[in-house]
Each structure stands twice: as structure tokens, then as C-alpha cells.
Protein chains: 2
Amino acid sequence: MDPGVCALELLRVLFSIGAWICSLATTIMSTWLTLSTDLLPAESYELGLGVLHKIFDEVLLVDVLDSGDAAHLALMKRPDLGVTFTKLHCWTLTHYSKCVFMDADTMVVQNVDELFDREELSAAPDPGWPDCFNSGVFVFRPSNETYGKLLKYCTEHGSFDGGDQGVLNGYFSNWATTDMSKHLPFIYNLRDRNYTYRGIQQYGGNAKVVHFLGQTKPWSYTFDPETKRISGDMQEASTHPTFLLDWWMLYSSSVVPMMTEGYGDQPFHSGCVEGSSASQDPHHTEPYVSPEASEERKQKWEQGQADYMGMDSFDNIQKKLDAFLK
Amino acid sequence: MDPGVCALELLRVLFSIGAWICSLATTIMSTWLTLSTDLLPAESYELGLGVLHKIFDEVLLVDVLDSGDAAHLALMKRPDLGVTFTKLHCWTLTHYSKCVFMDADTMVVQNVDELFDREELSAAPDPGWPDCFNSGVFVFRPSNETYGKLLKYCTEHGSFDGGDQGVLNGYFSNWATTDMSKHLPFIYNLRDRNYTYRGIQQYGGNAKVVHFLGQTKPWSYTFDPETKRISGDMQEASTHPTFLLDWWMLYSSSVVPMMTEGYGDQPFHSGCVEGSSASQDPHHTEPYVSPEASEERKQKWEQGQADYMGMDSFDNIQKKLDAFLK
């Protein structure tokens, strides 16, 4: 990979006026990882940052409110756009020639290095309005000039959806009509829910990046690493359970040990629970472990049902983890 | 318009083994019209055909089971594909050089003649899996050679979704990656429901063709032309009410009078009811008539709410009808 080209991963942040916003993290791994700052305790912020530095090659803090730059001014003019300006900051990363932005509620399930063959602005269609791209995953070229133009566009036109997706689709408005190579296949930004369409059965097995859309995120649940049980209000979520388990397996195996080491004596909430406490949870769900073989898993996937939380899924993840930890 | 180029509109049919299938109808109008054979009484089929001939410039019957051609043989091999073979018949209309196919559950709300500037196979993305096109509206070139290849593809590969959309996306599999000009804007095949995404507020006002997806069709309701009331189980449908009213206004004003004349003494079900009977309907809904002006309608549209069944909508339709009946 071109050394000037780097995988950039942006943490989805809870925007809070006056608060420092931890938002940028970058890493080169065979399996990419995104993390949400929701998972880092605010009361031990410095320790959390230390963990992030262990996980990612580069961690940058973005505080639009305290930045004193053009983004701050833009936010003062358009406070309604909130966290949008934080995301746009990725264009200032001019020490990279090309980047891939990923929301923290995405999960890479296959290597996606080939994304760097694409040009700005490449993104996958948004299923809600497929002439717009979804701004959870996109290829871009950092540039202070583009950054300035984006901020100008923001203050002059606002956002039709109130967020960064509206701004970016407004600015890169020729995405839908001009260059097919800038249309990433849907498997690079696959929504995790509403698997009603049979296309998922035809193409879903090739998923590259899963996007946990909606209000309920993987970290809204709790997880028992021993029994591979996920607990929480599963009714609320129509999240594809395979992807949800994949997320928890990756997080609990790769991140939580670093958090345990990093926080030391400081208490922190990892989202992981002991087997006994999971069974005391009133929302506790049945165990998803099943001993099915991969062939069966594939068959059931193709039938759009079952297997999901199965042991074979665990095995698959284990392989990924082995590759990642090598 | 090139005389060899003609608007082709296909009636969605209820496929019934052994039954004649009335499926093709074509018309040149400033506002196009599609009709479902669900609206034609089976017991007075010939009279219904007479009405279709009044509405459309050309009406063709397709009976795959009795056709004795390659489609019949294909259907015998793959009975699971059912009505799919009926739709594929449109490629045999070789007396036209280029056609636009439209499902009978679509409604053209603005002139779409410019579709004939597109090449085969042009279609809009399917919101369920936006790397596939929705086969409810597409531009194609009739060709016996293509027809033969499609049937061959059908029998060899089947359909990943069990219908024509799977077959056509399989055959025209380079749609997602090759030629942007074959991506019709989403406004040419706009689903009528799930208006949660704000894109509809940004772009929905430019709708060209509305597609009444799902099981509940406009003709599943009843309508009182006098009070402009639509009755039926509205809970089941999340259909955008403006479009639903538009459909009923067009149908009740333009088609029902022809049916009344065509059927004469023969009873038929138009879906239209008298005001009194509508109010006796246990599922009767409140009247949607409102006296709002167009500016207000636009505003409310942009806010993603209200106006829908309003008088101004009625006025708009009236204008369309005037143009159509001229």
C-alpha cells in the first residue's frame, strides 16, 4: 500500500457542547476495527485515550468548539448541524493522500484495501433514497481547499437531513449521475437490518462492511464472552444476529483485554458480563450457541434464517482474530 | 416522438393456470396510465377488453400456457417462475424499436417521454438492494434474440427472488457497475411507502413515476368520487396518501366513465361508491379534503406531513385530467 495512503477510521461521537470530542483514530490491520467513544468512560478519559492509542496507529482529538478555526465559526452560524462539522474535519488530514472514512457503527468483515483504488468521493447508495450515498463509509482525499468549500457549503445551504449525509450529498451532488466507479457496491456499506429483500440471500454472503444503523448499537447490549450470549432488548433491534455476534466477539477478544490493562484499578464498563449475571438479566435472551457446521450455516444463510449465533460463526470469528492478532 | 418508439405499458396480471392473461396495453398520452386486470370483472371479460381498447392504443393478450412457443416450454420446465414469463414477452414486441415497461401498480405523475433517450436496460435502483434495479419500470429494445436468451437464462439459472426482478437482474447483471446512463433516477420508480428518509422531502416533489409496492394496491380501497374520500384498511398501508388520492382521481374520472359505457347493463365493480355507502363502511376513514392552497401544500410536503388528500391535490389532478382529456 502507498505509504501516503492510510486507512482512516473515525469514531462516531456523542456531540456534547463544551466537551472534548475524541474522534479520529487510524489503523492498519488485516481486519479493520472501529470503536465508539460511547464505550469509553468519560470519568477516566485519559485512560481511555491510552487504550485508543494502543488499538490505533494514530488518534486525533477534534474539538470543533475549541478549535478556533473555520469549523468553529461555521458551527456558530449553524448550531443545528452539530456533530456534522466534526466529521468534516477528516478533510484536514492532509498528511495522508487518500483515506477511507468509516462510521464507528460499522464493522469490516473482509479486507477492503481495494477501496484505495477508488477516487473521491466514492460511497455506496443509501437504501432509503438510493440516488444519495450513505456517508457511513466513503473514500476521500484530504484537502484544506475541499474542507473550506465544504464548510462554506454547510453555512450557505445547511443539510437537507440535518446531518453530514445531507451536506455531503449536497456538495458531491453529481455522485448519482456522473461516474459509476464512485458507486461502491452495497456490500461495502451493508445495513444490518430489514433483511426482507432476497438480494441479501443472493449477495449478502459477500458482505465487506456492515453498518449498524438505527438507534440500537451493538454496544447497547451486554455480552457474556464465556457462553457467547448477547443480552438486551432484542425486540427493539432487527439487527442481523450474525453480525451482532461478530462485533461482540471481535470487541471482547481484542479490545476488552487492552481496556482491562489500560484502566488497571479504575472501574470501567466493558459491556461484558459474567455468565451468572447475564442469567439474572430480566431481558436475558436464550443462548444462541449452536453446534452447526459451516455448510449448514451457509444453507441457512441462503434461506435467510437461523444459524446466526452459532458456534460455527464463533469459529469464523476466531480465525479472523487469529489473523488479526498474529 | 419517433413513430417506431412507443410507450408500452404492461398490465400487472393475476397469474392463473389455464386462464387467458391480459397483459399488454399501450398508449400515447400526455399523462400515461396503467391499469390492473384486477379491476376488470372476469365474468364479463370481453366487455372489459373493449374498455381497454378504448383506453389504450394497443392491447395484446399474452397466454404463456397456450402460446406453444419457447415461453410455454420454459414455463413447463420452471413452473415456479409463474408470471415471470408473461412479463418477458414484452421483448417480442418487435414492431416497436424501443419501449418503456411499467408495472400496472405504477402511476406516472409527470411526463416521462425523456425515458426514450435511454438505452436498454435502463432502470432505477431497488431500495431493498440498491445494486439491483427494480423491474417495475425499465427501458428496453424488443428483440427476439434477447427474448430467447432471457428464456434460456430463466430455465438455466432461475430467479434469485422467484420473480422477474431476479431474472432480469441476473441477465442484465452489469447494470450496477457499467454505465451510469442506465441508472434511472429514483424519481422514475418511486416507492410509495416508508417515507422515513428525508431524501423524500428533498427530492420527492419531483416524482415522475410512483410505484405502489406491497400487497395493498390502490384498487384494494374504495373511493367516493363526490367527497373524495378513500375507504379501507388504511392501517395496513403506509402508502403516501397524496399519491393514493391522485390514483383514484385519475381512475375515477378517466376510466370509470368508459367502464360504465362499455359494460352497459352488465354489473361491474369499479371500486367507486356513493357517499352514503362509504360512511357505512366500518373501516371508513375521515375525509381527507382540505381547502389548502398550493403553497401550503408544498410547505407541508417539504415538512414530510399533511395536506395529502387536500383540495389542492384535487385541483392538480384536475389540471392533469384536462390535459389528458383534451
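Residues numbered from 1 in each chain as written. Chains lettered and ligands numbered in written order. Predicted model: local features only at pLDDT ≥ 70, side-chain atom pairs only at ≥ 80, totals over all residues. Heavy atoms only, no water.

As annotated in an unreviewed UniProt entry, chain A is glycogenin glucosyltransferase from Coregonus suidteri. Quoted straight from UniProt, the Sequence similarities (unreviewed entry) entry for chain A says "Belongs to the glycosyltransferase 8 family. Glycogenin subfamily." Entered under Pathway (unreviewed entry) in the UniProt record, the comment concerning chain A runs "Glycan biosynthesis; glycogen biosynthesis." (UniProt positions renumbered as here; feature names shortened; annotations may be inferred.)

Caption draft 1: Structural detail: the overall build of chain A. Counting its secondary structure elements, chain A contains 11 helices and 11 strands. Out of the 326 residues in chain A, the part that is buried amounts to 56%. Counted over contacts in chain A with a minimum sequence separation of 6, partners at least 24 positions apart contribute 69%. Accessible surface for chain A amounts to roughly 13900 Å². Of this, 51% is attributable to carbon and sulfur atoms. (Helix = DSSP H or I, 4+ residues; strand = E, 2+ residues; numbered from the N terminus. Buried < 20%, exposed > 50% of the residue type's maximum accessible area, 1.4 Å probe, protein only. Contact = heavy atoms within 4.5 Å. Areas by Shrake-Rupley, 256 points an atom, 1.4 Å probe, with all protein chains shown as cover.)

Caption draft 2: Highlighting the environment of Cys154 of chain A. Residues and elements named next belong to chain A. With respect to the helices, strands and loops of the structure, Cys154 is situated in helix H5 (residues 144-157). Cys154 gets classed as buried once you look at its relative accessible area, which sits at 0%. Counting along the chain gives 51 residues from Cys154 to Asp103, while the straight-line C-alpha distance between them is 20 Å. Filtering out sequence-adjacent residues up to four positions away, Cys154 remains in contact with Arg78, Leu81, Thr84, Phe85, Leu88 and Val167.

Caption draft 3: Local environment of the packing of helix H3 (residues 70-77) of chain A against H5 of chain A. Residues and elements named next belong to chain A. Closest axis-to-axis distance for the H3/H5 pair is 9 Å, and the angle between their directions is 10°. Taken together, the axes of H3 and H5 lie roughly parallel to each other. When H3 is examined against H5, the residues Ala70, Ala71, Ala74 and Lys77 are found in contact with a partner set consisting of Tyr147, Leu151 and Thr155. (Axes fitted to C-alpha atoms, helices over the stretch in contact; angles between N-to-C directions. Parallel < 35°, antiparallel > 145°, perpendicular 65-115°, else oblique.)

Caption draft 4: Fine view of the packing of aromatic side chains. Residues and elements named next belong to chain B. With the rule as written, the count across this model stands at 30 aromatic pairs over all chains. On the basis of an interplanar angle of 50° and a centroid distance of 5.8 Å, the ring pair of Trp219 and Trp247 is categorised as tilted. With Trp219 in the loop between strand E9 (209-211) and strand E10 (222-224) and Trp247 in helix H7 (residues 241-263), this pair connects stretches of sequence that are 28 residues apart. Judged by relative accessible area, Trp219 falls into the buried class, the value being 12%. The exposure class of Trp247 is buried, given its relative accessible area of 5%. (Phe/Tyr/Trp six-rings, centres within 6.5 Å; stacked < 30°, edge-to-face > 60°.)

Caption draft 5: View of the sheet that holds strand E5 (residues 106-108) of chain A. All names here are of chain A. Taken in spatial order, the 3 strands line up as E5-E9-E8 in an open sheet, and their pairing is mixed. Strands with a single pairing partner mark the edges of an open sheet, and in this sheet they are E5 and strand E8 (190-191). In this structure, E5 lies alongside strand E9 (residues 209-211), joined through 3 bridges in antiparallel fashion. In the sheet register, Val108 faces E9, and the bridge partner there is Val209. (Pairing = 2+ DSSP bridges.)

Caption draft 6: Spotlight on the side chain of Glu120 of chain B. Residues and elements named next belong to chain B. With respect to the helices and strands, the residue Glu120 is situated in the loop between strand E5 (106-108) and strand E6 (122-126). No salt bridge is formed by the buried Glu120; the nearest opposite charge belongs to Arg141, separated by 6.9 Å. A distance of 2.9 Å separates polar atoms of two side chains, one belonging to Glu120 and the other to Trp91. A distance of 2.7 Å separates a polar side-chain atom of Glu120 from the backbone nitrogen of Arg141. (Lys, Arg positive; Asp, Glu negative; His and termini not counted. Salt bridge = Lys/Arg side-chain N within 4 Å of Asp/Glu carboxyl O. Polar contact = N/O pair within 3.5 Å; in protein donor to acceptor, adjacent residues only side chain to side chain.)

Caption draft 7: Molecular detail of the confidence of the model for chain A. All names here are of chain A. When pLDDT is averaged along chain A, the result is 71, and 63% of the positions lie at 70 or above. Scored below 50 in pLDDT, residues 276-326 makes 82 contacts in the model with residues more than four places away or belonging to other chains. At the level of chain-chain contacts, confidence expressed as ipTM amounts to 0.72, with global pTM at 0.75. (pLDDT = per-residue confidence, 0-100.)

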